[in-house]
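A look at the structure
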Amino acid sequence: MIPFTYLLAIGLSLFGIGLAGIASEKHLVVILLSIEVIFASSTIILVSFFSFASNADPSALIMLVSIWAVAAAEIIALITFYVYMKSNGISFDISKLSKLKW
Amino acid sequence: MISIIIFYMVFALAALSAICIFLLKKLSYAVIALSLVFLGSSFVFLLINQDAIALLQLLVLVGGLSTYLIVAVSTEEHQLALFKPGYFVIALISLFLSFSILFNPSFAPQISTEQALDFAASAGAAIASGYALLYIAVAMLFVVVIGAVVVLKEFTELIV
């Protein structure tokens with residue numbers, strides 16, 4: 001029903017919007033939300049390839065679940081950092097988080 | 001025909017809410033926009049006739065992850081000053097490229113869908129079946145260990 005290029009188009013546009021969010025934002029949590037958008041676009045492209053293939057390998061679904069697990073675990077790990085930084089008054093502005101810069 | 005109209009509506013929902021993540025002033029609004037992006041992605045899965053994946057996307061990402069995020073960031077008041085407008089062009093260029101592929105398919109590479117899918121399948125098999133995945137996992141773990149040691153050192157300096 002829906003041509004294959006339409007799904008690639010939505011994946012590409014979401015990827016570009018997430019990339020622009022990562023490149024242009026200064027707040028740490030918003031950068032992480034843009035990374036989540038890129039995760040969503042990669043799952044769209046993966047499932048569209050899996051759905052349109054004639055002899056699709058079911059390992060694509062295992063990769064999909066792995067991507068979800070990585071995204072969820074990453075969010076959980078980063079929220080603990082968020083709570084720590086908020087309770088200690090550390091700023092979320094990335095231009096001020098410069099201790100690891102050379 | 002009706003499915004293509006619905007696809008355009010879902011496209012608009014997902015793209016606009018993804019742009020709203022870094023355009024809205026408050027952090028809690030940005031997290032709600034992220035859950036709208038996941039909702040739009042779930043609609044796309046429904047349009048491909050993958051109903052199980054759409055349901056799992058709703059349950060795991062919207063129901064679990066977005067709920068957790070909204071509860072976790074709900075105490076933040078407002079976010080900081082926003083983006084440099086020059087980098088916003090990346091999003092617009094990618095949107096323009098995707099629309100040009102939609103309206104004129106000759107901009108896309110001139111290979112058949114079967115060839116593209118076979119190439120993607122062989123690339124996926126090469127990544128998953130060889131040792132490349134193991135190398136990538138070990139490299140990521142190494143970076144995480146180094147980063148954790150450095151961060152813990154800095155945090156103990158802050159506590160003490």
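Predicted, not measured: the structure shown is a model, and the values here were computed from it.

**Details of the environment of B:Gln50**
- With respect to the helices and strands, the residue B:Gln50 is situated in the loop between α2 (27-47) and α3 (51-72).
- Apart from residues lying up to four places away in sequence, B:Gln50 is in contact with A:Val47, A:Phe50, A:Ser51 and B:Phe45.

**Some words on the confidence of the model for chain A**
- Per-residue confidence for chain A gives a mean pLDDT of 87; residues scoring 70 or more make up 99%.
- For chain A, helix α3 (residues 59-87) of chain A is the element with the lowest average pLDDT, namely 85, and helix α2 (residues 28-52) of chain A is the one with the highest, namely 92.

**A look at the packing of aromatic side chains**
- If you walk through the whole model with that rule in mind, you get seven aromatic pairs over all chains.
- A ring pair is formed by B:Phe7 and B:Tyr8, whose centres lie 6.3 Å apart and whose planes are at 55°; its orientation type is tilted.
- By way of ring pairs, the aromatic residues A:Tyr6, B:Phe7, B:Tyr8 and B:Phe11 are connected into one cluster.

**What about the packing of helix α1 (residues 4-24) of chain A against helix α1 (residues 2-21) of chain B?**
- Orientation of α1(A) relative to α1(B), taken along the N-to-C sense of each, is 10°, at an axis distance of 9 Å. Between α1(A) and α1(B), the angle falls in the class roughly parallel. Of the residues in α1(B), those touching α1(A) at A:Tyr6, A:Leu7, A:Ala9, A:Ile10, A:Ser13, A:Leu14 and A:Ile17 are B:Ile4, B:Phe7, B:Tyr8, B:Phe11, B:Ala14, B:Ala15, B:Ala18 and B:Ile19.
- Residues belonging to the contact of α1(A) with α1(B) are distributed by class as follows: 14 nonpolar, one polar and no charged.

**Some remarks on the interface of chain A and chain B**
- Contact residues are listed per partner, giving 53 residues for chain A and 61 residues for chain B.
- Roughly 5,300 Å² of surface becomes buried between chain A and chain B when both sides are summed, with 79% attributable to carbon and sulfur atoms.
- Of all residues in chain A, A:Tyr6, A:Ile17 and A:Trp68 give up the largest surface area on contact with chain B, accounting jointly for 13% of the area buried on that side.
- Where chain A touches chain B, the interface holds zero salt bridges.

**Digging into the packing of α2(A) against α3(A)**
Residue and element names in this part refer to chain A.
- For the pair α2 and α3, interaxial distance at closest approach is 10 Å and the crossing angle is 175°. One way to sum up the angle between α2 and α3 is to call them roughly antiparallel.
- Along the lines of polarity and charge, the residues of the contact of α2 with α3 split into 20 nonpolar, two polar and two charged.

**Some details on α1(B)**
- Between its first and last C-alpha, α1(B) extends 29 Å over 20 residues, near the 28 Å set by a 1.5 Å rise per residue.
- For α1(B), the full list of buried residues reads B:Ser3, B:Ile4, B:Phe7, B:Val10, B:Phe11, B:Ala14, B:Ala15, B:Ser17, B:Ala18, B:Ile19 and B:Ile21.

**Focus on the nonpolar core**
- By size, the foremost hydrophobic cluster in this structure holds 60 residues, and its most contacted members are A:Ile17, B:Phe7 and B:Ile21.
- When contributions to this core are tallied by element, the ones reaching two or more residues are α1, α2 and α3 of chain A together with α1, α2, α3 and α4 (89-103) of chain B.
- In this view, B:Phe7 contacts A:Ile2, A:Tyr6, A:Leu7, A:Ile10 and B:Leu47; residues no more than four positions away in its chain are not counted.

**Here we look at the side chain of B:Ser66**
All names here are of chain B.
- As for its position among the elements, Ser-66 is in helix α3.
- The exposure class assigned to Ser-66 is buried, which follows from its relative accessible area of 3%.
- In this view, Ser-66 contacts Val-31, Ser-35, Phe-38 and Leu-61; residues no more than four positions away in its chain are not counted.

**Details of a nonpolar patch on the surface**
- The grouping of A:Leu12, B:Val89, B:Ile93, B:Phe96 and B:Leu97 at the surface amounts to a nonpolar patch, some 460 Å² of accessible area in total.
- For the nonpolar patch, the leading source of residues is α4(B), giving four residues.
- Summarising the element assignment, B:Val89 is placed in helix α4.

Definitions and limits used
Residues numbered from 1 in each chain as written. Chains lettered and ligands numbered in written order. Predicted model: local features only at pLDDT ≥ 70, side-chain atom pairs only at ≥ 80, totals over all residues. Heavy atoms only, no water. Helix = DSSP H or I, 4+ residues; strand = E, 2+ residues; numbered from the N terminus. Contact = heavy atoms within 4.5 Å. pLDDT = per-residue confidence, 0-100. Phe/Tyr/Trp six-rings, centres within 6.5 Å; stacked < 30°, edge-to-face > 60°. Axes fitted to C-alpha atoms, helices over the stretch in contact; angles between N-to-C directions. Parallel < 35°, antiparallel > 145°, perpendicular 65-115°, else oblique. Nonpolar A, V, L, I, M, F, W, Y, C, P; charged D, E, K, R; others polar. Buried area = accessible area lost by both parts, 1.4 Å probe. Salt bridge = Lys/Arg side-chain N within 4 Å of Asp/Glu carboxyl O. Expected span 1.5 Å × (residues − 1). Buried < 20%, exposed > 50% of the residue type's maximum accessible area, 1.4 Å probe, protein only. Core = buried A, V, L, I, M, F, W, Y, C linked by side-chain atoms within 4.5 Å. Patch = residues over 30% accessible without salt bridge, like charges linked within 9 Å, V, L, I, M, F, W, Y side chains within 5 Å. Areas by Shrake-Rupley, 256 points an atom, 1.4 Å probe, with all protein chains shown as cover.

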